[in-house]
Amino acid sequence: MIRNILGSVVALAGAASAVLSPFRDWYGGRAGQDYRVADLFEGITPTESGVLVSILLPFLGAALLVVLGVVLRSRLVVALAGLVVLGFTILWMVRQGQAAGSLVVGGDGEGLQVGVVNALAGGVLMLIGALLMTGRRSRRERERKPVEPFAVPAADQVDTWPPTQEPGMSVQTSPWPEPEVDPYTGPDPRDPRDARTRSYPQAAPHPEDDPRDPVHPPHPPPPPQG
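Here's what I pulled together on the structure shown here. (Residues numbered from 1 in each chain as written. Predicted model: local features only at pLDDT ≥ 70, side-chain atom pairs only at ≥ 80, totals over all residues. Heavy atoms only, no water.)

## Structural notes on the overall build of the chain
Right, so step 1: Each helix and strand in the chain was counted, giving six helices and two strands.
Right, so step 2: Of the regular secondary structure in the chain, the N- to C-terminal order runs α-β-β-α-α-α-α-α.
Right, so step 3: Buried positions account for 29% of the 226 residues belonging to the chain.
Right, so step 4: Residue pairs at least 24 apart in sequence account for 60% of intrachain contacts in the chain once pairs closer than 6 positions are excluded.
Right, so step 5: Surface exposure of the chain reaches about 16400 Å², of which carbon and sulfur atoms provide 63%. (Helix = DSSP H or I, 4+ residues; strand = E, 2+ residues; numbered from the N terminus. Buried < 20%, exposed > 50% of the residue type's maximum accessible area, 1.4 Å probe, protein only. Contact = heavy atoms within 4.5 Å. Areas by Shrake-Rupley, 256 points an atom, 1.4 Å probe, with all protein chains shown as cover.)

Printed below as a string of C-alpha cells:
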C-alpha cells in the first residue's frame, strides 16, 4: 500500500513536469509549444505551431495515461507513459540536431534549455514511479486465504504433534504399543546402598510344621536307638 502511494506521487510529479515543459524554452529561445508534432517526423521547420498540434499533445496523452495507471494501480500503463515522454523528447533532439547541425548546451539561450530537462526528468520520474508501485493483486491472490501454520484437530480427537494452538499438552502418537510400567516401587535391588536395609517377604510355614497349631501338633522326636 505504501509503495503504491509513493509510486503514484512520483509518477504524477513526472506527469506534471512533462506537461509544463512545452511552455518553457527548449532550444535557442524557442518554446516547446512552437514545435509541431509533424516536425518530429518530417524535420524541424521555423513554422510556428498551435498549442493543440504541438509537442504538448503527446505529453498530455502521457499525463492522462499516468492518471489512468494510478487509478487502476497499473505499473505497465505508468511505464508506458514514461516511455512516450522520453521517446518524443529524444526524437525531438535527433531532429533538432539534424536541423542545427549539432546540439549544444549553452547558458546564453543558444543551446538546449530548461524545457528539455523538464521533459526528460518527467519521463524518468514516471518510470521510477512505475518501479515503486506494487500494482494490483490478481484475483487469485485476493481470494487466496491465509494458510494456518497447523491445522486444529476436531473436538473429539486427541491433540497430536505438531503442537496446535489448543490448550493442553501435546502427545506423540505412535503405531507401536506403549511400554508397560513396572508396578514394583520398592528399593532397587541393584543398588548396593539398600542391601542392608532390604527386607524380602518370607514364605509362610507349612501348617503341619507349626508347633502352635492345635490340630496338627508337632511330631515327637524319634526314640534313641540303643
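Back to the text.
## Side note on the nonpolar core
Right, so step 1: Grouped together as the largest cluster of nonpolar side chains are 28 residues, with contacts concentrated most on W26, F59, W92 and M126.
Right, so step 2: Counting only elements with at least two residues in this core, the list comes to α1 (2-20), β1 (25-27), α3 (56-72), α4 (75-100) and α5 (114-132).
Right, so step 3: Sorting elements by how many residues they give to this core places α4 first, with six residues. (Core = buried A, V, L, I, M, F, W, Y, C linked by side-chain atoms within 4.5 Å.)

## Considerations on α1
Right, so step 1: In a regular helix each residue adds 1.5 Å, so 19 residues correspond to 27 Å; α1 covers 27 Å between its end C-alpha atoms and thus fits that length.
Right, so step 2: Residues N4, G7, S8, V10, A11, G14, A15, S17, A18 and V19 constitute the buried set of α1.
Right, so step 3: Against the buried residues of α1 lie α3, α4 and α5. (Expected span 1.5 Å × (residues − 1).)

## With respect to the side chain of Q113
Right, so step 1: Along the chain, Q113 turns up in the loop between α4 and α5.
Right, so step 2: Accessibility expressed as a relative area gives 13% for Q113, which makes it buried.
Right, so step 3: Aside from chain neighbours lying at most four places away, what touches Q113 is D25, W26, G28 and G29.

## Describing the environment of V105
Right, so step 1: Here V105 shows up in the loop between α4 and α5.
Right, so step 2: Here V105 falls in the exposed class, since its relative accessible area comes to 72%.
Right, so step 3: Counting along the chain gives 78 residues from V105 to Y27, while the straight-line C-alpha distance between them is 9.0 Å.
Right, so step 4: Residues contacting V105, with those up to four places away along its chain left out, are G111 and L112.

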